[in-house]
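Each chain, written out:
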Amino acid sequence: MICASGALQDGGDGVRFTVRRGEVDLPAFVVRHGGAVHAYINRCAHVPIELDWLPGRFFDSSRHFLICATHGVMYAPDSGYCVQGPCRGARLEPVAVIERDGGVFLKDDND
């Protein structure tokens, strides 16, 4: 389990976790937006650095967009697409997750 469902408030702080891609562990995060959970590799599409300025702080002040704290690049939380910044049209790398039984889990082939 990544986290309990109750740990994610709509537009609130996200939860950081690690996901394995091949032989590499990558930082990732999950947030709730529009009632649904969305997860991404924690790496800006503009410059490969982590987005959050403090652990779990991924939303801009309006709580409508994910934002790279270093460059101000803004992403749609439901798709990961860049909506403002030099990488417009690029997107965050999604991580498949599922919410069930009061928790958020990495999605596997059985889900």
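Read on for a plain summary of the structure.

What counts as what
- Residues numbered from 1 in each chain as written.
- Predicted model: local features only at pLDDT ≥ 70, side-chain atom pairs only at ≥ 80, totals over all residues.
- Heavy atoms only, no water.
- Helix = DSSP H or I, 4+ residues; strand = E, 2+ residues; numbered from the N terminus.
- Rg over C-alpha atoms; globule rule 2.2 N^0.38 Å.
- Phe/Tyr/Trp six-rings, centres within 6.5 Å; stacked < 30°, edge-to-face > 60°.
- Buried < 20%, exposed > 50% of the residue type's maximum accessible area, 1.4 Å probe, protein only.
- Pairing = 2+ DSSP bridges.
- Core = buried A, V, L, I, M, F, W, Y, C linked by side-chain atoms within 4.5 Å.
- Contact = heavy atoms within 4.5 Å.

## As for the overall build of the protein chain
Piece 1. Per the secondary structure count, the protein chain includes zero helices and nine strands.
Piece 2. Listed by position from the N terminus, the elements making up the protein chain come as β-β-β-β-β-β-β-β-β.
Piece 3. The C-alpha radius of gyration computed for the protein chain amounts to 13 Å, which stays within 12% of the reference 13 Å derived for 111 residues, consistent with globular compactness.
Piece 4. With the C-alpha coordinates aligned to their principal axes, the bounding extent of the protein chain is approximately 40 × 35 × 25 Å.

## Digging into the packing of aromatic side chains
Piece 1. Enumeration over the complete set of coordinates arrives at two aromatic pairs.
Piece 2. When the ring of Phe29 is compared with that of Tyr40, the centres are 6.0 Å apart and the planes differ by 45 degrees; the resulting orientation is tilted. With Phe29 in strand E3 (residues 24–33) and Tyr40 in strand E4 (residues 36–41), this pair connects stretches of sequence that are eleven residues apart. Tyr40 shares its class with Phe29; the two are buried.
Piece 3. The interplanar angle of 10 degrees and the centroid separation of 3.9 Å between the aromatic rings of Phe29 and Phe58 together place this pair among those described as stacked. Taken together, the positions of Phe29 in strand E3 and Phe58 in the loop between E4 and strand E5 (66–67) put the pair 29 residues apart, joining distant regions of the chain.
Piece 4. Exposure remark for Phe29: the relative accessible area of 0% places this residue in the buried category.
Piece 5. What links up through ring pairs into an aromatic cluster is the set Phe29, Tyr40 and Phe58.

## Considering the sheet that holds strand E9 (residues 103–106)
Piece 1. Pairing is antiparallel in the open sheet, where three strands are placed in the order E1-E9-E8. Of all the strands in the sheet, the pair left with one neighbour each is strand E1 (3–4) and strand E8 (97–100).
Piece 2. Note that E8 and E9 share four bridges and pair antiparallel. Among the inter-strand pairings, Arg100 is bridged to a residue of E9, identified as Gly103.

## Remarks on the nonpolar core
In summary, soluble globular proteins display a tendency toward joint burial of nonpolar side chains.
Piece 1. Counting residues in each nonpolar core, the largest one holds 15 residues, and the members touching the most others are Ile2, Phe17, Val30, Val95 and Val104.
Piece 2. If you list the elements that add at least two residues to this core, you get strand E2 (15–21), E3 and E4.
Piece 3. Not counting residues within four places of it along the chain, the set of residues in contact with Phe17 comprises Ile2, Leu26, Pro27, Ala28, Phe29, Val30, Ala39, Val95 and Leu106.
Piece 4. Within the second largest apolar cluster, 14 residues are counted, among which are Val31, Tyr40, Leu51 and Val73.

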